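Chain residues, written in single-letter form:
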Amino acid sequence: MSNEGMATTGYTLTENASLRERNTLRVDAHAGWLAEVHDAAAIPVLLDHPALRDTPPLLLGEGSNVLFAGDYDGAIVSMRTRGIEVLAEDADAVRIRVAAGEHWDDFVRWTLAHGHAGLENLILIPGSVGAAPMQNIGAYGVEVGEFIETVEAFDLEQRSFRDFANRECEFGYRDSIFKRHPDRWLIATVALRLPRDWTPRIDYAGLREELARMGIDRPAPIHVADAVVNLRTRKLPDPKLIGNAGSFFKNPLVPAAQADALRREHPQLPSWPAGEGTSKLSAAWLIEACGFKGLREGDAGISNRHALVLVNHGNASGAQLWALAQRVREGVEARFGITLEPEPRIIGAVT
Ligand code: FAD
Ligand code: EPU
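For the structure given in this document, a descriptive report is provided here.

Rules and cut-offs
Here the residue numbers are simple positions, counted from 1 along each chain's written sequence. Each chain gets a letter, beginning with A, and each ligand a number, beginning with 1, in the order they are written. Totals for whole chains, interfaces and linings use all residues, but because this is a predicted model, local features are given only for residues with pLDDT of at least 70 and pairs of side-chain atoms are given and counted only at 80 or more. Only hydrogens and water are set aside; all other atoms, that is, all heavy atoms of the structure, feed into the side-chain values. Helix and strand assignments come from DSSP, with helices taken as H or I runs of at least 4 residues and strands as E runs of at least 2, each series counted from the N terminus. Grid points spaced at 1 Å and placed over the protein atoms alone form the basis of the search, with a cavity being a set where a 1.4 Å probe fits but cannot get out and a pocket an open set showing protein on both sides within 12 Å along at least five of seven lines. Lining residues have an atom within 4 Å of a point. Grid points are joined across faces, edges and corners, and a volume is the space filled by probe spheres set on the points. Note that Gly is not counted as nonpolar here; it falls among the polar residues with everything else outside the nonpolar set of Ala, Val, Leu, Ile, Met, Phe, Trp, Tyr, Cys and Pro and the charged set of Asp, Glu, Lys and Arg. Domain extents, as shown, originate in an automatic or database domain assignment. Put simply, a residue is near a molecule or strand once any heavy atom of it comes within 4 Å of that molecule or strand. Under the rule applied, a polar contact is a pair of N or O atoms within 3.5 Å (in protein, one hydrogen donor and one hydrogen acceptor; residues adjacent in sequence only if both atoms are side-chain atoms). In short, Shrake-Rupley with a 1.4 Å probe defines the accessible areas, and a residue's cover is counted only from the protein chains shown.

Peptide bonds are mostly trans, and most non-glycine residues show a negative phi. Although it is not a glycine, asparagine 16 sits at a positive phi angle of roughly 50°. Locating asparagine 16 in the fold gives a position in strand β1 (residues 11-18). Of note, asparagine 136 is a non-glycine position whose phi angle comes to about 50°, a positive value. Counting through the fold element by element, asparagine 136 comes out in the loop between α4 (104-113) and β8 (138-139).

What follows is the structure in C-alpha cells.
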C-alpha cells in the first residue's frame, strides 16, 4: 500500500484498494490503484503518476450505479472535491456551482434549506454530484438535465478542462454524452440554474395521493420533498441495510405500436408515451410477471419489495449478481420479446 499525502498533492493514492465500501451492491472487489482527488487542479499531475500514466483510469463516484463483476486491475479515480457556491442570484433565478464530490442528496437539502426550489423531486437519490449528469438522474417526473447549465470536466484524451453547455450534454432518459463515452471526461463541477418561478411537479403516480395523505393541499417545495422521501422509503430497499444499486434495468423504450400490441395481451402492463412514436414500458412489471420478484440464488436476489432492484443479501460476488441479472433478462426476453438494458455500469463483464 502506498499513500501520498493529500495536503501536498491534492490527491491520495492507494494500491490494491478494497472496493467493498465503495459500491452500494457491496461487492467485495479490489482495484489495482484507487486515487481520490481532493483538489481538481491536481488532476493533470495525478495522471502523470506511473500508476495511471499508461492506462486510462476508470471513473467512480460513490458506487451507487456500478456492478463490479470482478476485480479491476487498473486504476480508479474518484472525485472527493467539496464546495457549493452561489454564482448569481436575481429575481429570475439562482445559479449555483457544485463540486463533483458533494453528495447529491446533501446538495438537494442545501438548496431547500436556502429557499431554492426545483430539485425537491430528486431528493434521496444516492451518489455524488459529479455522477448526476452522467445518466441524467431522474425521479418522480423530473430530470436533473432540466436544471444543468454547464458541466465542467477534465478531458482525459486532450488533457485539458472543458465546459459543456446544456445542449452539448445531450441529455436523454438515463442518458448523456458522458454515459456514451465512459471514462473520457472526468466531471469536476456542475453548474445549475434554478428558476424562481416554481410550480409543484406532482403528476407522477402516487405523489398527489401521498400529499393528500399528509394533509397537504397547497404543497410548498419541502412538502413535495417529504412526500418523495416517504414514497422512496416505502418502495426502495435502503442500501445501508441491503446491498443494491436502485433500478437494475432501464424502463424499455419501444415503438408505440409494439407497446399497444403488448397491452392488448397484457392490459395491466404500465406504459407511458415517450415522444417520437415511442412508449416507455415498466421493466418492474415485466420482471414481476415472469415470477422473478423475490427470487434468490445464494446471496444474489431480486428484491421482494421492488422487482427492478437486484440485491446482495450478504456475500454475493459480482459474478453471481451479474449471472442472476442475465437470467432475469433472458426470462423477460423469452416471454415478452423485450431486451432489458442494465442501468448501472457493469465493470468486468460483457453486457
Ligand atoms: P457511480 O455509481 O460511482 O458511477 C456511475 C457512473 O458515473 C459510472 O459510469 C462512473 O464512471 C461515472 N462517474 C462517476 N463519477 C464521475 C465523474 N466525476 N466524472 C465522470 N464520470 C463519473 N438514479 C436515478 O437516476 N434515479 C433514481 O431515482 C435513483 N434511485 C436510486 C436508488 C438507490 C437505492 C440506489 C442505490 C441508486 C439509485 N439511482 C438512481 C442510481 C444512482 O443513485 C445514480 O446513478 C447516481 O448518480 C450515481 O452516483 P455515484 O456517485 O454513486 O456514481
Ligand atoms: N411495479 C411492478 N412491480 C414492482 C414494482 C413496480 O409491477 O415490484 C410497477 C408499478 O406498479 C408501477 C411501475 O412499475 O406502475 C413503476 O414503478 P415505480 O414508480 O416504482 O418506478 P420505476 O419505473 O420502477 C423509475 C426509475 C427510478 C425512480 C422511479 C420514480 C428507472 C429505471 N427507474 O422506477 O429510478 O426512482 O421511477 O421516478 O427509470 C434508478 O434509476 O435507480 C431508480 C430507482
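As a volume, the second largest pocket reaches approximately 190 Å³. What lines the second largest pocket is simply Gly172, Tyr173, Asp175, Lys250, Asn251, Pro252, Leu253, Thr339, Leu340 and Glu341. Among the residues forming the lining of the second largest pocket, the class breakdown is 4 nonpolar, 3 polar and 3 charged. Both domain 2 (84-195) and domain 3 (243-347) contribute no fewer than three residues apiece to the lining of the second largest pocket.

What follows deals with the site of ligand 1. Taken together, 32 residues are adjacent to ligand 1, and Leu59, Gly61, Ser64, Asn65 and Ser128 come closest. Residue asparagine 65 places a main-chain N or O atom 2.7 Å away from an oxygen atom belonging to ligand 1. Between an oxygen atom of ligand 1 and a side-chain N or O atom of arginine 345, the distance comes to 2.9 Å. For ligand 1, whose free accessible area comes to 970 Å², the fraction covered by protein is 95%. For the shell around ligand 1, the secondary-structure elements that each account for two or more residues are β3 (58-60), β8, β12 (185-195) and β13 (243-247). In the shell around ligand 1, the residues fall into 15 nonpolar, 12 polar and 5 charged.

These values are about where atoms sit, not about what they do.
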